[in-house]
Amino acid sequence: TSPDYLVREARFEHAGLPPVALRLLLQTEHAGQADRYFAATRAALRYYGSWFGAYPYDHVTVIDPAWQSGAGGMEYPTLFTGGTRWLAPADVADPEGVTVHEAGHQFWYGIVGNNEFEDAWIDEGFNTFSTGRTMAEAFTPNFESERFFGGFIPWVNRDMPVSRATGENGWGSYRAGAELDAQCTPSWRYSPRAGGPLSYSKTALWLHTLERHLGWPTLQRVLSTFFERWKFRHPKPADFFAVVNEVSGRDMTWFFDQVYRSSNVFDYAIDTLESVPAGGEGWFDRDGRVAYGGTRGGDRFRTRVMVRRLGEAVFPVDVLVTFENGTTVRERWDGRDRWKLFETTGTSRAVSAQVDPDRVLLLDVNFTNNSRTLRPATGAATRKWTVKWLGWLQDALVTFAFFI
Ligand SMILES: [Zn+2]
């Protein structure tokens, strides 16, 4: 071993998993970070080992490369390089994030050996998803940070804890490149700038969407079955899709047609929310006050919610309406048509409507249009808006869906 490195030894032990000898080769100026490297490596061995399958070797070597050597963050079977900096704030996940990720490649790439040249999304995407899940279990909260002065001085934004669903999965990266290419294009032929968004972020987001759609126990069985069946072998994309269908007991081809075989994006939105007195005559503003002519009806409110599919891709979504008295109604929509109108009449006025309120569809490229709230608002603009909306209703051929 080069005298430039400090050598530290430790051991991984966890009930139900075989022990692993950990050997860390550390830059002398990073001596204080040995425990963080070991903690991150142990976290990967523990969580990946429990969720997918045990690490099969009795040792692993972690190398902390020289500052600006360009050798950080790379994986080889039983050996990987991490990466850290001289000033590493305790609550920013660096070196933990890169260490978990590179240790994670022991599983996704070192053991399950897909062709990274053709299908980089399997090892990089599965590993991005698994890194985020491990970070959420072992190192929460950590914070968004930026580095100034050539990356030397870290600044931690403690108002921005890293969310697994968006930050760890790379939602911003995916949005920026979502339509550059279809994921099924061979990785070496991807459009410029598409590799990061599609291989890493899109895969992590659709795996996390599957976790929420199928439930973690099911997705965990999918991933452990895939791992067990394909360890020390070379799976193709169709091999993974077959395991999903087999283990979940559902035909998810429609899902992979969209996320893998196309570049279409998902975007569901609440177009309109209206809650006005039922049975009255004339026009009403959104607070239920008579805006023009007529008389107010009884004490019942008629609530209408229009939901739209703005993207080309299709996913079933829930629609949740919350009323002033605290009650809610939830309706399922298959999400296929371009829009759907829900109507209900009750004793309370609606205050908000949300599409996909549980955020199952993490691939939705715009969350800001997923909800609408009724605020006290009166005046000409409101009246005009309401009249226009009601006029449109009268003119259109409308199919109603009723809340149960
Ligand atoms: Zn990687």
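First, a word on what this report is: a plain description of the structure on this page. (Residues numbered from 1 in each chain as written. Predicted model: local features only at pLDDT ≥ 70, side-chain atom pairs only at ≥ 80, totals over all residues. Heavy atoms only, no water.)

**Observations regarding the environment of Val7**
Then, in step 1: Along the chain, Val7 falls in strand β1 (residues 5–14).
Then, in step 2: When the C-alpha atoms of Val7 and Thr28 are compared, they prove to be 9.4 Å apart, with 21 residues separating the residues in sequence.
Then, in step 3: Discounting chain neighbours no more than four positions away, the residues touching Val7 are Thr1, Arg23, Leu24 and Leu25. (Helix = DSSP H or I, 4+ residues; strand = E, 2+ residues; numbered from the N terminus. Contact = heavy atoms within 4.5 Å.)

**What about unusual backbone geometry?**
Then, in step 1: Phi at Thr78 is positive, roughly 65 degrees, even though this residue is not glycine.
Then, in step 2: Tracing the sequence through the fold places Thr78 in the loop between β4 (74–76) and β5 (79–81).
Then, in step 3: We classify Thr78 as buried; its relative accessible area is 19%. (Buried < 20%, exposed > 50% of the residue type's maximum accessible area, 1.4 Å probe, protein only.)

**What about the coordination of the zinc ion?**
Then, in step 1: The coordination sphere of the zinc ion contains the protein donors His101 (NE2), His105 (NE2) and Glu124 (OE), at a distance range of 2.0 to 2.1 Å.
Then, in step 2: Donor residues binding the zinc ion come from one chain and are separated in sequence as H-x3-H-x18-E. With His101 in helix α2 (residues 96–104) and Glu124 in helix α3 (residues 120–138), this pair connects stretches of sequence that are 23 residues apart. Each member of the pair, His101 as well as Glu124, carries the same accessibility label: buried. (Donors = N, O, S within 2.8 Å, 3.2 Å for Na, K, Ca; no water.)

**As for the pairing of strand β8 (residues 268–277)**
Then, in step 1: Within β8, 9 of the 10 residues are buried, which leaves it mostly tucked inside the rest of the structure.
Then, in step 2: Where β8 lies against strand β11 (residues 301–309), 9 bridges are found, and the strand directions are antiparallel. The partner of Tyr268 across the bridge, within β11, is Arg309. (Pairing = 2+ DSSP bridges.)

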